[in-house]
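A structural walkthrough
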Amino acid sequence: MQPLSNRAKQVDKKPMTLAERAYLPAIFQGLSITMRHFFMKKPTIRYPEEQRPFSPVFRGLHVLKRDEQGRERCTACGLCAVACPAEAITMVAGERKKGEEGLYREEKYAVSYEINMLRCIFCGLCEEACPKAAVYLQADKMAPPRFERDEFIYGKNRLVEPVSPDNRSKRGIQLTEEQAQQLRAKMDAQLA
Amino acid sequence: MLELPALGWQSIVIFVVFALSLLIATYCTYAERVIAAFLQDRVGPDRAGPYGLLQPLADAVKMFTKEEFFPSGANTALFIFGPCLAMITALMSSAVIPFGNVLEFGSNYFFLQGIEVNIGMLWVFGVVSLGVYGIMIGGWASNNKFSLLGAIRAASQNISYELAMGMSLIAVLMISGTLSLREITLQQSVAGEWHFWNIVKQPLGFIIFLVCAFAETNRTPFDLPECETELVGGYHTEYSSMKLGLYLFSEYVNIFVASAVMSVLYFGGFNFPFQYELRDWLVSNQDWTLAGAQNLITILGTVLLFGKIFGFIFFFMWVRWTLPRFRYDQLMRLGWTILIPLSIFNILLTGGLISFGIIQ
Ligand code: SF4
Ligand code: SF4
């Protein structure tokens, strides 16, 4: 029969040789192997202190973007909720009142917008579906562990990006080509 | 022979040895995890305190606050008595081990040893053999077939390996001619003469003793009494809370005692090479008094003895995380058909070498 890989090994049940029956040579061989491992470099990453670098295409915690004038981009069209395979997004739409033009970009906006991070599979389909470039999955943040389930339902207070541009996510519309390259170079350096 | 130390000093030493055995056993649990982790390319516990050094404390808190569980149908009195006995016997055997030579202050001599008896070796063996009763009683009282199987295994394993262990010891006794552990230690280094450690005279005996020590302390590759893959937890399946803690602890105390006994019997105990040269050099070149130099040697010897003990403890753990467990029939075959004949052969060999004057 043709061997599939060249690693096939003939097994037979011949009686053990004296050296094998004495166990000691095999034991010392085993001990030397484990001793080598004792001094090897450990691949462990001590998580909260050390962090593994995220991939540049990492999909983490969602953010609801504002536009250049600081207005919320989301128009509560519901396309993200429809696209979501995990049914993690729920929202309530509302109409923009007079005088709120500085707050919301479109006439319709999301009064409430919730993502259940326990349901979400971080597939990014909501990001793809959004016609207003409002929802993004950040490359540098993830949903941290919490004690209670309801704390995983992120409302607008935790999703909408802060007004100050310094705090804006690096992902998506803010990340220029140059920045992306820098990030990639940094990560390649860390991974190498 | 120097004059007997005062009773007060003796009780202090016993108390210190007792506390030390417990402390070392506590930190053995930590060392075991770290060593296991390192041998498996991990880093081990490092959350509690710096380098995870408070981990044993955290474990103790956990053990003490766990639910105290009694299985229905268990014999409550024996169920409690089992782990206590295991712990008591484990601790008792450390009393006769000479942890150091003698400290000299004026005309007072202080031995760094709990009790000096001329049957020290028999004491250790007797007490260690009692230890299996702790396991037997615990396994029997649990009213659980896995526990009972574990207990039976422990008993038969200990009996089988005690024979080979005792006989490998006889060869040592033939050389030393005494059962006192202090005497055996002192014989391994006599001032003015070049005396070797017993390991040089008894290499085969040492290997037999080492293997038997693994079996007696129920460590891998002979940990069939608590064989998790077949017997859930073996003899301590039904145990919880600090009663389980006592069983686990007594195992580490046993390892400590076994390591100490091996260091004393085969590795010169508190002796170290060139100790007398060092003493004479201190006295003649550095203007030390003889007593002062002797005390320094004693302290150094004690430190080094602990170094040897820790080396053995490390070896125990190293082996545990390297070797798989023996099958039960392999274990019995190894004990009865290999180790016992080998130890008899070792006795004959030693006798022959002594009668031809090659070793003494
Ligand atoms: S990332 Fe995927 S699963 Fe998560 S909310 Fe968006 S579409 Fe739903
Ligand atoms: S985030 Fe985008 S897709 Fe979702 S409701 Fe808002 S505008 Fe529509």
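Residues numbered from 1 in each chain as written. Chains lettered and ligands numbered in written order. Predicted model: local features only at pLDDT ≥ 70, side-chain atom pairs only at ≥ 80, totals over all residues. Heavy atoms only, no water.

1. Quick notes on the interface of chain B and chain A
Interface size is commonly expressed as the accessible area that is lost once the parts come together. At the interface, 19 residues of chain B touch 17 residues of chain A. For the pair chain B and chain A, the summed buried area comes to about 1600 Å², and 70% of that belongs to carbon and sulfur atoms. Counting every contact that joins chain B to chain A gives three salt bridges. Residues Asp41(B) and Lys42(A) are paired through a salt bridge, measuring 4.0 Å at the closest nitrogen-oxygen approach. Contributions of two or more residues to the side of chain B that touches chain A are made by helix 1 (7-39), helix 12 (290-320) and helix 13 (328-355) of chain B. Per element, the largest residue contribution to the side of chain B that touches chain A is four residues, and it comes from helix 12 of chain B. In terms of residue class, the side of chain B that touches chain A is made up of 14 nonpolar, one polar and four charged. (Contact = heavy atoms within 4.5 Å. Buried area = accessible area lost by both parts, 1.4 Å probe. Salt bridge = Lys/Arg side-chain N within 4 Å of Asp/Glu carboxyl O. Helix = DSSP H or I, 4+ residues; strand = E, 2+ residues; numbered from the N terminus. Nonpolar A, V, L, I, M, F, W, Y, C, P; charged D, E, K, R; others polar.)

2. Here's the deal with the UniProt feature "binding site: [4Fe-4S] cluster 1" (unreviewed entry) in chain A
All names here are of chain A. UniProt's feature table lists "binding site: [4Fe-4S] cluster 1" (unreviewed entry) at Cys74, Cys77, Cys80 and Cys130, given in the numbering used throughout. The named residues occupy 57 residues along the chain; their greatest pairwise C-alpha distance, 10.3 Å, places them in one compact cluster. Position of cysteine 77 among the secondary structure elements: in the loop between strand 1 (62-64) and helix 3 (79-83). If near-sequence neighbours (up to four positions away) are discounted, cysteine 77 is found in contact with Lys108 and Pro131. As for its position among the elements, cysteine 130 is in the loop between helix 4 (125-129) and strand 4 (135-137). Take cysteine 130: its relative accessible area is 19%, and that puts it in the buried class. (UniProt positions renumbered as here; feature names shortened; annotations may be inferred. Buried < 20%, exposed > 50% of the residue type's maximum accessible area, 1.4 Å probe, protein only.)

3. Some remarks on the site of ligand 2
Taken together, 13 residues sit near ligand 2, with Cys74(A), Cys77(A), Gly78(A), Cys80(A) and Cys130(A) positioned nearest. Class assignment for the residues of the shell around ligand 2 results in 10 nonpolar, two polar and one charged. (Near = heavy atom within 4 Å.)

4. As for the UniProt feature "transmembrane region" (unreviewed entry) in chain B
All names here are of chain B. Under the local residue numbering, the UniProt record ascribes the feature "transmembrane region" (unreviewed entry) to residues 6-30, 76-100, 120-142, 163-182, 252-276, 296-319 and 331-359. Secondary structure over residues 76-100 splits into 68% helix and 12% strand, and the C-alpha atoms at its two ends are 42 Å apart. Across residues 252-276 one finds 68% helix and 0% strand; the C-alpha atoms that close the span lie 34 Å apart.

5. Notes on the packing of helix 8 (residues 203-216) of chain B against helix 10 (residues 241-266) of chain B
Packed helix pairs are characterised by how far apart their axes lie and by the angle those axes make with each other. All names here are of chain B. Axis separation between helix 8 and helix 10 bottoms out at 11 Å; the angle between their running directions is 170°. In terms of axis orientation, helix 8 runs roughly antiparallel to helix 10. Along the contact surface, helix 8 presents Gly205, Phe206, Phe209, Leu210 and Ala213, while helix 10 presents Ala258, Val261, Met262, Leu265 and Tyr266. (Axes fitted to C-alpha atoms, helices over the stretch in contact; angles between N-to-C directions. Parallel < 35°, antiparallel > 145°, perpendicular 65-115°, else oblique.)

6. Comments concerning the side chain of Lys42(A)
Position of Lys42(A) among the secondary structure elements: in the loop between helix 2 (24-38) and strand 1. Judged by relative accessible area, which is 14%, Lys42(A) ranks as buried. For Lys42(A), the side chain forms a polar contact with the main-chain oxygen of His37(A), separated by 2.9 Å. Contacts of Lys42(A), omitting those with residues within four sequence positions, involve His37(A), Phe38(B), Asp41(B), Arg42(B) and Val43(B). (Polar contact = N/O pair within 3.5 Å; in protein donor to acceptor, adjacent residues only side chain to side chain.)

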